[in-house]
Amino acid sequence: MGESLLSSLWLLTKRVCAGAVVGITLSDRIGSVATMHGRSMQPTLNPAEDDPWGYLNADLLFLEKLSLRTYNFSRGDVVVFRSPLEPKMWLVKRLIALQGDWVTVPGTYDILQVPKGHCWVEGDNAEISLDSKSFGPIPLGLMKGKVTHVVWPPSRFGPVASHLPEGRVLSQKAGTRTYP
Amino acid sequence: MSWRALLQEAFERSVVFTQFICFLNVFSNHVVEVHQCLGPSMLPTFNVSGDILLLEHLSSRFERIKPGDVVMARSPANPRLVVCKRVLGLEGDSVTVLPTSSRGHIRQTVVPKGHVWLQGDNAYNSTDSRHYGPVPYALIQGKVFYRIWPPEGWGPVLSQPTS
């Protein structure tokens, strides 16, 4: 009796481990889901954050990882990346400009060219967003995925539109970006 | 053997094969990876080509990287390029920056928050933080801890440059 329990436990463990490694591989390479907190992407994402129960109604997002193979990101995509200031923090912002583009820095008369291998990210909620306006252009190597859909709550289920706010990018360097 | 049994066995074998590939993938990306180091920037510690190194992903994940460690990081100038350099300083450290050529000057700089300073052991022939600035810590992929090829170079990778 004890032997069969042990062997069925062992079988269960093997099945769980096998499922876990396949799941992790899919999550790393294809796509995963993640919750987000914070108001920097309002109203596009997390509009409920200000409500009393907002923390529990945080948006659940679908992150696609396929674009990480060639770092194929376009201007206007909502991206997830690791913070250049706090390595453990993951941030969600919109990618505004790619290498070679010129951007205006709000609040000053400066314009800035995005260096090679870098990008410029901004939150849709411009007043309170901590983004490239404070920490400057960030290396594309920090990217961890592209937000393509909102999965929860059901009332907000649907794709996340990729659009560029007007007037931020002064001039775009033509052509697609490939990284050898 | 009937076709049905043959198909069944083929299916079972491919399931096991897929699980094995996924296991290798997870182990390589999250635990220990085998990687090559190319280029003259880490001479004399590593050869120009042909050195095969073991990289562990745990130190970078748990923020245990220390000055002197050799790490692999995504280049800030090209996200698809992984470079192999030594960490000279962590955030807040004051690092002594060697000149990029024999005519340059030594200078001091403080590493900003969330970043590290990378420098190749071969100071005169290395593209590193002296060219692209301090590198965000999150770009570090892992710590190089062992060399497994060439056979005469087998051994742990030390935390200070070989002089």
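- As annotated in an unreviewed UniProt entry, chain A carries the name Mitochondrial inner membrane protease subunit 2 and is attributed to Physcomitrium patens.
- Entered under Subcellular location (unreviewed entry) in the UniProt record, the comment concerning chain A runs "Mitochondrion inner membrane".

Side note on the overall build of chain A
Okay, step 1: Secondary structure summary: chain A contains two helices and 11 strands in total.
Okay, step 2: For chain A, the α and β elements follow one another from N to C terminus as α-β-β-β-β-β-β-β-α-β-β-β-β.
Okay, step 3: For a compact globule of 180 residues, the expected C-alpha radius of gyration is about 16 Å, and chain A comes in at 20 Å, more than 25% above that figure.
Okay, step 4: Dimensions of chain A, computed from C-alpha atoms along their principal axes, come out at roughly 80 × 45 × 30 Å.
Okay, step 5: Long-range contacts, defined here as pairs at least 24 residues apart, represent 61% of the contacts in chain A between residues at least 6 apart.
Okay, step 6: Taking the average location of the 19 positive side-chain charges in chain A and that of its 16 negative ones, the two points are 10 Å from each other.

Comments concerning the interface of chain A and chain B
Okay, step 1: Chain A puts 26 residues into the contact, and the matching count from chain B is 23 residues.
Okay, step 2: With both chains or domains summed, chain A and chain B bury close to 2,200 Å², and 60% of this area falls on carbon and sulfur atoms.
Okay, step 3: Put simply, chain A and chain B have two salt bridges between them.
Okay, step 4: Ionic pairing is found between E86 of chain A and K113 of chain B, a salt bridge with its closest N-O pair at 3.4 Å.

A few points about the environment of G114 of chain B
Okay, step 1: Tracing the chain through its elements places G114 of chain B in the loop between β6 (107-110) and β7 (115-119).
Okay, step 2: Between the alpha carbons of G114 of chain B and E91 of chain B there is a distance of 5.9 Å; along the sequence they are 23 residues apart.
Okay, step 3: Sequence-distant contacts of G114 of chain B, that is, excluding residues within four places in its chain, are made with P84, L85 and P87 of chain A together with E91, V135, P136 and Y137 of chain B.

Some words on a nonpolar patch on the surface
All names here are of chain B.
Okay, step 1: Taken together, the side chains of F17, F20, I21, F23, L24 and F27 define a hydrophobic patch exposed on the protein surface, amounting to about 590 Å² of accessible area.
Okay, step 2: Within the secondary structure, L24 is located in helix α1 (residues 3-30).
Okay, step 3: Judged by relative accessible area, which is 41%, L24 ranks as partly exposed.

Side note on the nonpolar core
Residue and element names in this part refer to chain A.
Okay, step 1: Ranked by internal contacts, the top residues of the largest apolar core, which has 27 residues, are F73, F81, C119, V121, I138, L140 and M143.
Okay, step 2: When residues in this core are grouped by element, the largest group, three residues, is from strand β4 (residues 90-98).
Okay, step 3: Sequence-distant contacts of I138, defined by excluding residues within four places in its chain, comprise F81, P84, G117, H118, C119, V121 and M143.
Okay, step 4: Counting 11 residues, the second largest nonpolar core, distinct from the first, contains L45, V80, V147 and V160.

Quick word on the UniProt feature "active site" (unreviewed entry) in chain A
All names here are of chain A.
Okay, step 1: Feature annotation in UniProt assigns "active site" (unreviewed entry) to the following positions: S40 and K93. In three dimensions, the annotated residues from a span of 54 residues occupy one location, with a maximal C-alpha spread of 7.7 Å.
Okay, step 2: Its place among the elements puts S40 in the loop between β1 (31-35) and β2 (60-64).
Okay, step 3: Setting aside residues no more than four positions away along its own chain, S40 makes contact with V92, K93, G123, D124, N125, I128 and S129.
Okay, step 4: Structurally, the position occupied by K93 is in strand β4.

Observations regarding the state of the cysteines
Okay, step 1: The final tally for this structure, using the stated rule, is zero disulfides over all chains.
Okay, step 2: No disulfide involves C22 of chain B; its sulfur sits 13 Å from the nearest other cysteine sulfur, which is in C17 of chain A.
Okay, step 3: Sulfur of C37 of chain B: no disulfide; nearest cysteine sulfur belongs to C84 of chain B and is 3.5 Å away.
Okay, step 4: C37 of chain B sits in the buried class, given a relative accessible area of 3%.

Definitions and limits used
- Residues numbered from 1 in each chain as written.
- Chains lettered and ligands numbered in written order.
- Predicted model: local features only at pLDDT ≥ 70, side-chain atom pairs only at ≥ 80, totals over all residues.
- Heavy atoms only, no water.
- UniProt positions renumbered as here; feature names shortened; annotations may be inferred.
- Helix = DSSP H or I, 4+ residues; strand = E, 2+ residues; numbered from the N terminus.
- Rg over C-alpha atoms; globule rule 2.2 N^0.38 Å.
- Contact = heavy atoms within 4.5 Å.
- Lys, Arg positive; Asp, Glu negative; His and termini not counted.
- Charge placed at Lys NZ, Arg CZ, Asp CG, Glu CD.
- Buried area = accessible area lost by both parts, 1.4 Å probe.
- Salt bridge = Lys/Arg side-chain N within 4 Å of Asp/Glu carboxyl O.
- Patch = residues over 30% accessible without salt bridge, like charges linked within 9 Å, V, L, I, M, F, W, Y side chains within 5 Å.
- Areas by Shrake-Rupley, 256 points an atom, 1.4 Å probe, with all protein chains shown as cover.
- Buried < 20%, exposed > 50% of the residue type's maximum accessible area, 1.4 Å probe, protein only.
- Core = buried A, V, L, I, M, F, W, Y, C linked by side-chain atoms within 4.5 Å.
- Disulfide = S-S within 2.5 Å.

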